[in-house]
Amino acid sequence: MKNIILSALLLFSVFSSAQIKGTITDEKGNPLPFVSVFEEGTYRGTTSNEQGQYQLQVKEIGKNKIVFQYLGFKTQKITVSPDSKNLTLDIKMQEESFSLNEVVIDPKNNPANAIIKSAIANRKENSEKTSRFTADFYSKGILKVKDLPKKILGQKIDLGPDLSSNLDSTGTGILYLSETLSKISFQKPDKLKETIIASKISGNNNGFSYNTAALSTYDFYDNTLEFDVNLISPIASNAFNYYKYKLEGSFYDDNKHQIYKIKVIPKRDKEPVVEGYIYIVDDSFAIYALDVDIKGYRVKNEFTEVMNLKQSFSYNAENKIWSKNAQTLSFNAGGFGVKFSGQFNYVYSNYEFPDSFSKKTFGNEIVAFDLNANKKDNAFWNEIRPIPLTLEESTDYTKKDSLQIIRKSKKYTDSIDAKNNKFKVWDILRGYDYKNTFKKYSFKYDGLLNLTSLSFNTVQGFNLDSGFSFKKWNEENGKTTSLSTTFNYGFSDERLRVIGEFSHRFNNINYATIYVSGGTKTAQFNSAEPITKFVNSISSLFFKDNYIKLYNLEFTQISYTQDIANGINLNAKLGYEQRKPLFNTTDYSFFKRDDIYSSNNPLAPNDFNTPAFDPHHLIKTGLNARINFGNKYISRPDGRYNFKDEKYPTIFLAFEKAFAASEKKYEFERIGAAVQYDLKLDNKGVLGMNLKAGKFFNAENISFIDYRHFNGNQTHIGTTDRYLNVFNLMPYYTNSTNDRYFEMHLEHNDMGYIMNKIPLLNLLKSTMNIGFHSLAIPDRKPYSEFTVGLDNLGFGKFKLFRVDYVHSYQAGVQQNGVVFGLKILNVLD
């Protein structure tokens, strides 16, 4: 009911207002994009589009003073007289004449420094003036591609019929176009409540856009701005460590404020800094406007070439507040010969600055969609849209919305599916996909030669997967059902193993999901699988190091998971397991053929006859909880989307029990807990933490399979982005325990804070990692590791490598080694 009333009030205000529109050009007739346009004495404003067109909603036309404000041009104030409900007002703007006459220049002192110091000194006071507000918010986002090649790395690019039709013959066109209109309440530093009144995506009648106010908050009054690496504000408390400044002149706005134009110059190229211009108001030293560039490599986003961020602020003489009325973020990016550009425009209007908010204003729900927010028609948008569409944008909406009706029809989807579903003889070997788009289900056959699954181990030799899968989905209610079976054949042990899996997700609200699986497979003693199939294959075939240790598992299991409260997820499982030992069946390798593989017994690598355990069976049950404190979420009609609050850690709790075993000695209980947290140190990097602890009960004689195993690494190859769950030099099974345990992983990534300041090394554009890892178990001395290394290494835009020096220590035994991180292995496995 509340949303209906809000929509009704908004519609009443829209259709009872008047509109002023027109085109803004320079004196030569060239259109001026992103000019701030607002009604003096109010917070009603907008901005012009790329073609200089604008439209401004006012309560009524009659002696309104309309202000046109644009960097580099003189601010104009036009008084309009009563005429009609709609008025066309075209404007020619004159270039601003910047002057240094008003500034007394001391040759010994840079005048820009004095202004910036005053801006820093007044930063807290100016920030406080806009620390609490409500406003109307509009955003428009567009993403374009240019010169899309036919192939990348020899592979044909297939965007599908929907996206492909958006591009012309040169591979250029709009990939994404979206708009939102919302009401926001905000309180610094990060409390936000946004209700989206209207949302629109070109070619998508669901229209639930992610263009929200939460993703557009760039506050230069803060010390840093959040990007991949936090950027230093030009008026941060430590700004003089990063920037030089040059006063290029000043001018007076229509309210007789003297505005200083100051060039912002980075001291060091590789630092997380901006460059461009900041405009500061004399006396109050508030921000008048910004026009800065952000180089992609400075924020460790190599595929982004440059981002441009513009902000403009308007002044209200009544409350003496400079508030942001418009913001534009544009960027150019690319890789593999593909070039992208994007632009996001934001307009803030109808501000109110309350003294306080009620306690119920802010909660964990940060964004909610009004009833039928995605169903607003063109008449609504044409009336309320503050930034007019360009011809290209208007054409894109018309074309895609029309095509969508066709492409969602049964006739069209069936014709496309019929083309793609044609079966060829080679599909018996390569695999086959079948899809029914209209009825929303698909079928997949992996083929007899599924080479992506090929791997090698000494138990099975070369082994290959094949299988079938079925999936059915419904985007509107979030239901998804999948059914699959996987066949694995080992060519050395000459054995076929089969597993089947079923899953059903009930909704996108609490993500209730049931899983059922069963069959026979080879399993690692450590269920966390610290060594991947790909790495083990290389290690075995090239270096004759068969680190992976396997046993035969026949099982059936059912599990259920659900979010039971905000930020709390529970997972319960029950399963039957029958375990049997396995032995090596092959000594094959590419090299070092005279060397001998270790046995498949992790407890006795030189004993080829004794199994690691006796065959047995048991039933295991488990209950796991994940708790995200302060969890935030977006509510949409088609689901709920969670966002972890990074100020708080994530806690994991676990209980495991084995019972009904073939022998009583195999039964046990275990409790465990873990805490994961990233401590963000502003622009000084991120300290990652992962602390784990647990305790076994009644487990003196349990199977080695059920011990607590820790993720070691003997291959000297790192396969993850971060090493917060691995001991880099520890053997895989030397510290396994059936008692209590505590492990700690700490890793600090400086995000370039140190490396950017070291000559020559800063050319690598890398980051430094310093880590400490420790494990404590009874009856053994603690195992400890110290690491230091460089991350974000690579060639050009591809930063896929990492190198770490590791020193380990346990019971007087010290080891030193180098771990080479290959992040691309995340994709291959």
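About the cut-offs
Residues numbered from 1 in each chain as written. Predicted model: local features only at pLDDT ≥ 70, side-chain atom pairs only at ≥ 80, totals over all residues. Heavy atoms only, no water. Helix = DSSP H or I, 4+ residues; strand = E, 2+ residues; numbered from the N terminus. Contact = heavy atoms within 4.5 Å. Polar contact = N/O pair within 3.5 Å; in protein donor to acceptor, adjacent residues only side chain to side chain. pLDDT = per-residue confidence, 0-100. Pairing = 2+ DSSP bridges. Axes fitted to C-alpha atoms, helices over the stretch in contact; angles between N-to-C directions. 1 Å grid on protein atoms, 1.4 Å probe; cavity = no way out; pocket = protein on both sides within 12 Å on 5 of 7 lines; lining within 4 Å. Points joined across faces, edges and corners; volume = space filled by probe spheres on them. Nonpolar A, V, L, I, M, F, W, Y, C, P; charged D, E, K, R; others polar. Buried < 20%, exposed > 50% of the residue type's maximum accessible area, 1.4 Å probe, protein only. Core = buried A, V, L, I, M, F, W, Y, C linked by side-chain atoms within 4.5 Å. Phe/Tyr/Trp six-rings, centres within 6.5 Å; stacked < 30°, edge-to-face > 60°. Lys NZ or Arg CZ within 6 Å of the ring centre and 35° of its normal.

**Q** What should I look at first to understand the environment of Asn507 in this one?
**A** Tracing the sequence through the fold places Asn507 in the loop between strand E29 (495-505) and strand E30 (513-524). For the pair Asn507 and Arg640, spaced 133 residues apart in sequence, the C-alpha separation works out to 9.4 Å. Beyond its immediate chain neighbours, meaning those up to four positions away, Asn507 contacts Asn477, Gly478 and Ala512. In this structure the side chain of Asn507 is engaged in a polar contact, spanning 2.9 Å, whose partner is the backbone nitrogen of Ile509.

**Q** Explain the environment of Asp493 to me, please; I cannot follow it from the model alone.
**A** Its location among the elements puts Asp493 in the loop between strand E28 (479-490) and E29. Residues Asp493 and Phe583, spaced 90 residues apart in sequence, show a C-alpha to C-alpha distance of 9.5 Å. Here the side chain of Asp493 touches Arg497 through a polar contact of 3.1 Å, side chain to side chain.

**Q** Any chance you could explain the confidence of the model for the protein chain here in plain terms?
**A** The predicted coordinates of low-pLDDT regions are not to be read in fine detail. Per-chain confidence: the protein chain averages 88 in pLDDT, with 92% of residues scoring 70 or above. Low pLDDT (under 50) marks residues 1-16, which in the prediction has 22 contacts with non-local residues, meaning those over four places away or in another chain.

**Q** Could you clarify how one ought to interpret the sheet that holds strand E5 (residues 64-69) in this entry?
**A** Two orientations exist for strands paired in a sheet by backbone hydrogen bonds: parallel and antiparallel. Here we have four strands laid out as an open sheet, ordered E3-E2-E5-E6, and antiparallel in their pairing. Of all the strands in the sheet, the pair left with one neighbour each is strand E3 (45-47) and strand E6 (76-80). When the angles between neighbouring strand axes are averaged without regard to direction, this sheet yields 20°.

**Q** Help me out: how do you make sense of empty space enclosed by the protein in this one?
**A** By rolling a water-sized probe across the atoms, one finds the places where empty space is left. A complete count under the given rule lists three cavities of 30 Å³ or more for this structure. Quantified by volume, the largest cavity comes out at close to 50 Å³. Together, Asn126, Lys129, Thr130, Tyr221, Ala286, Lys320, Ile321 and Trp322 line the largest cavity. Elements represented by at least two residues in the lining of the largest cavity include exactly helix H3 (123-129) and strand E21 (321-335). Its volume calculated, the second largest cavity comes out at about 40 Å³. What lines the second largest cavity is Phe38, Tyr43, Arg44, Gly45, Ser314, Ser323, Asn325, Tyr348, Ser349 and Tyr351. For the lining of the second largest cavity, the secondary-structure elements that each account for two or more residues are E21 and strand E22 (338-352). Broken down by element, the lining of the second largest cavity gets its largest block of residues, three residues, from E22. Class assignment of the residues belonging to the lining of the second largest cavity gives a composition of four nonpolar, five polar and one charged.

**Q** I'm lost on the side chain of Asn792 in this one. Help?
**A** Considering the arrangement of structural elements, one finds Asn792 in strand E42 (residues 783-795). If we ignore the near neighbours within four places in the chain, the residues touching Asn792 are Lys300, Glu302, Leu764, Lys765, Ser766, Thr767, Lys799, Phe801 and Lys823.

**Q** What should I look at first to understand helix H9 (residues 533-543) in this one?
**A** Each turn of an α-helix holds 3.6 residues, which means side chains three or four residues apart point in the same direction. For H9, the full list of buried residues reads Val535, Asn536, Ser537, Ser539, Ser540 and Leu541. Backbone geometry just downstream of H9 places Lys544 in the positive-phi region, at approximately 60°.

**Q** So what exactly am I meant to see when it comes to the pairing of E21 here?
**A** Looking down a regular strand, the side chains alternate between one sheet face and the other. With respect to burial, E21 is a largely interior element, 13 of its 15 residues being buried. Bridging between strand E20 (residues 304-316) and E21 involves twelve bridges; their strand directions are antiparallel. Looking at the pairing, Gln311 lines up with Gln327 of E21. Pairing between E21 and E22: ten bridges, direction antiparallel. The residue bridging Leu329 from the neighbouring strand is Phe344, located in E22. Between E21 and E22, which pair antiparallel in sequence order, lie two residues; one of them, Phe336, sits at a positive phi of approximately 55°.

**Q** Explain the side chain of Thr47 to me, please; I cannot follow it from the model alone.
**A** Turning to its location among the elements, Thr47 is positioned in strand E3. One polar contact links the side chain of Thr47 to the main-chain carbonyl oxygen of Phe34, over a distance of 3.5 Å. Within the structure, Thr47 has its side chain in polar contact with the backbone oxygen of Val35 (distance 3.1 Å). Every residue in contact with Thr47, bar those within four places of it in the chain, is listed here: Phe34, Val35, Ser36, Gln53, Tyr54, Ala326, Val347, Pro386, Ile387 and Pro388.

**Q** Would you explain the nonpolar core in this entry?
**A** What tends to happen in soluble globular proteins is that the nonpolar side chains get buried as a cluster. By size, the foremost hydrophobic cluster in this structure holds 46 residues, and its most contacted members are Tyr243, Ile262, Ile278 and Ile287. Elements with a minimum of two residues in this core: helix H2 (111-121), strand E15 (231-232), strand E16 (243-252), strand E17 (258-266), strand E18 (275-281), strand E19 (287-295), E20 and E21. Among the elements that take part in this core, E19 stands out by supplying six residues, more than any other. Membership of the second largest hydrophobic core comes to 20 residues, among which are Ala658, Phe668, Met730 and Val819.

**Q** Would you mind going over the packing of aromatic side chains with me for this structure?
**A** Aromatic ring pairs are defined here through the distance separating the ring centres and the angle between the ring planes. One pass over the structure, following the stated rule, counts 46 aromatic pairs. Measuring from centroid to centroid gives 5.6 Å for Tyr43 and Phe353, while their planes differ by 70°, and the two rings are edge-to-face. With Tyr43 in the loop between strand E2 (36-39) and E3 and Phe353 in the loop between E22 and strand E23 (365-369), the pair connects residues that are 310 residues apart, well separated along the chain. A relative accessible area of 10% places Tyr43 in the buried class. Taking 5.3 Å as the distance between ring centres and 65° as the angle between the ring planes, the aromatic pair formed by Phe240 and Tyr245 counts as edge-to-face. Take Phe240: its relative accessible area is 23%, and that puts it in the partly exposed class. An aromatic cluster of three or more residues is present, and its members are Tyr43, Phe133, Phe137, Phe186, Tyr346, Tyr348, Tyr351 and Phe353. One Lys or Arg, Lys261, reaches over the ring of Tyr277 and ends 4.6 Å from the middle of that ring.

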